[in-house]
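# Structural overview for review
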Amino acid sequence: MGLSEEEAIEFTRELIPQIKTQIPLIKEAMEKEDFHNMERLTHSIKGSSTTVGTGGVSDLLVEYNTYLKTGKDLPIAEAYFKHLNRYAEELEKEFA
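Reference entry: report on the structure contained in this document. Numbers given for residues are sequential positions, taken from 1 along each chain in its written order. Selection of residues for local features in this predicted model requires a pLDDT of at least 70, selection of side-chain atom pairs for listing and counting requires 80 or more, and totals for whole chains, interfaces and linings are taken over all residues. As a rule here, side-chain values cover all heavy atoms of the structure and leave hydrogens and water aside.

Another point: the packing of aromatic side chains. Pairing of aromatic rings covers Phe, Tyr and Trp, the last through its six-membered ring, and needs centres within 6.5 Å; plane angles under 30 degrees mean stacked, over 60 mean edge-to-face, and all others mean tilted. Using the criterion set out here, one finds 2 aromatic pairs in the structure. Ring geometry for Y64 versus Y80: centroids 5.2 Å apart, planes at 15 degrees, classification stacked. One end of the pair, Y64, is in helix α3 (residues 56-70); the other, Y80, is in helix α4 (residues 74-95), with 16 residues separating them in the sequence. Note on Y64: relative accessible area 0%, which makes it buried. For Y80, a relative accessible area of 18% gives the class buried. A cation sits over an aromatic face here: R86 above Y87, 4.8 Å from the ring centre. Strands are runs of DSSP state E lasting at least two residues, helices are runs of H or I lasting at least four, and both sets are numbered from the N terminus onward. Throughout, exposure labels follow a simple rule: accessible area from a 1.4 Å probe, protein chains only, divided by the maximum for the residue type, with under 20% read as buried, over 50% as exposed, and the rest as partly exposed. In our convention, an over-ring charge means Lys NZ or Arg CZ found within 6 Å of a ring centre and within 35 degrees of that ring's normal.

In structure tokens form, the structure reads like this:
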């Protein structure tokens, strides 16, 4: 049983500030090359994003978080981070 369209929109509106709050923390961890903390921070918003469904930012966060569990290549982490920022901006424009 999934969310109604209205529930999904409301949940997305609640998700946006969660993502926006985590972005500077992820950036700080990335600057320190602290992959464990990056994984923890992305995990905290991954679960919320998948409640809305699949696709978009949900899929990105699943992939990003999965990569951070074992990957240690900073340019790859930075690329995921760049996409996360883009999705956050797009969601904010669409749902704010």
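Structure shown, so let's carry the discussion forward.
Inside soluble globular proteins, nonpolar side chains tend to come together where they are buried. What is meant by a nonpolar core is a set of buried Ala, Val, Leu, Ile, Met, Phe, Trp, Tyr and Cys residues, joined one to another through side-chain atoms within 4.5 Å. Counting 25 residues, the largest nonpolar core has I19, I26, M38, V57, Y64, L68 and L84 as the members making the most contacts within it. Taken together, the elements giving at least two residues each to this core come down to α1 (5-31), α2 (35-52), α3 and α4. The greatest single-element share of this core, amounting to 8 residues, is contributed by α4. The residues touching Y64, leaving out its near neighbours within four places in the chain, are I26, T42, A77, Y80, F81 and L84. Residues count as neighbours in contact if any of their non-hydrogen atoms are within 4.5 Å of one another.

Computed from the structure, the largest pocket encloses a volume of approximately 240 Å³. As defined here, a cavity is a set of points on a 1 Å grid over the protein atoms alone where a 1.4 Å probe fits but cannot get out. A pocket is an open set with protein on both sides within 12 Å along at least five of seven lines, and residues line them when an atom is within 4 Å of a point. Lining the largest pocket are 17 residues, and of these V52, G55, G56, V57 and L91 sit closest to its centre. Within the residue set of the lining of the largest pocket, elements represented by two or more residues are α1, α2, α3 and α4. Counting residues per element, the lining of the largest pocket draws most heavily on α4, at 5 residues. In this count, Pro and Cys sit with the nonpolar residues alongside Ala, Val, Leu, Ile, Met, Phe, Trp and Tyr, while Asp, Glu, Lys and Arg are called charged and the others, Gly among them, polar. Tallied by class, residues from the lining of the largest pocket come to 8 nonpolar, 7 polar and 2 charged. Grid points are joined across faces, edges and corners, and a volume is the space filled by probe spheres set on the points.

Relative to the elements of secondary structure, T12 occurs in helix α1. Only 2.8 Å separates the side chain of T12 from the backbone oxygen of A8, close enough to count as a polar contact. Every residue in contact with T12, bar those within four places of it in the chain, is listed here: V52, L91 and F95. In protein, a polar contact requires one atom able to donate a hydrogen and another able to accept it; more generally it is a pair of N or O atoms within 3.5 Å, and residues adjacent in sequence count only if both atoms are side-chain atoms.

If the charged atoms of two oppositely charged side chains come close together, the side chains can form a pair. The salt bridge definition used is simple: a Lys or Arg side-chain nitrogen within 4 Å of an Asp or Glu carboxyl oxygen. Summed over the entire model, instances satisfying the criterion amount to 4 salt bridges. For K32, the salt bridge identified is with E28, shortest N-O distance 3.5 Å. A relative accessible area of 42% means that E28 is categorised as partly exposed. Between E39 and K69 there is a salt bridge, with the nearest N and O atoms lying 3.2 Å from each other. Within this pair, whereas E39 is found in helix α2, its partner K69 is found in helix α3, the two being separated by 30 residues in sequence. Since its relative accessible area comes to 14%, E39 is described here as buried.

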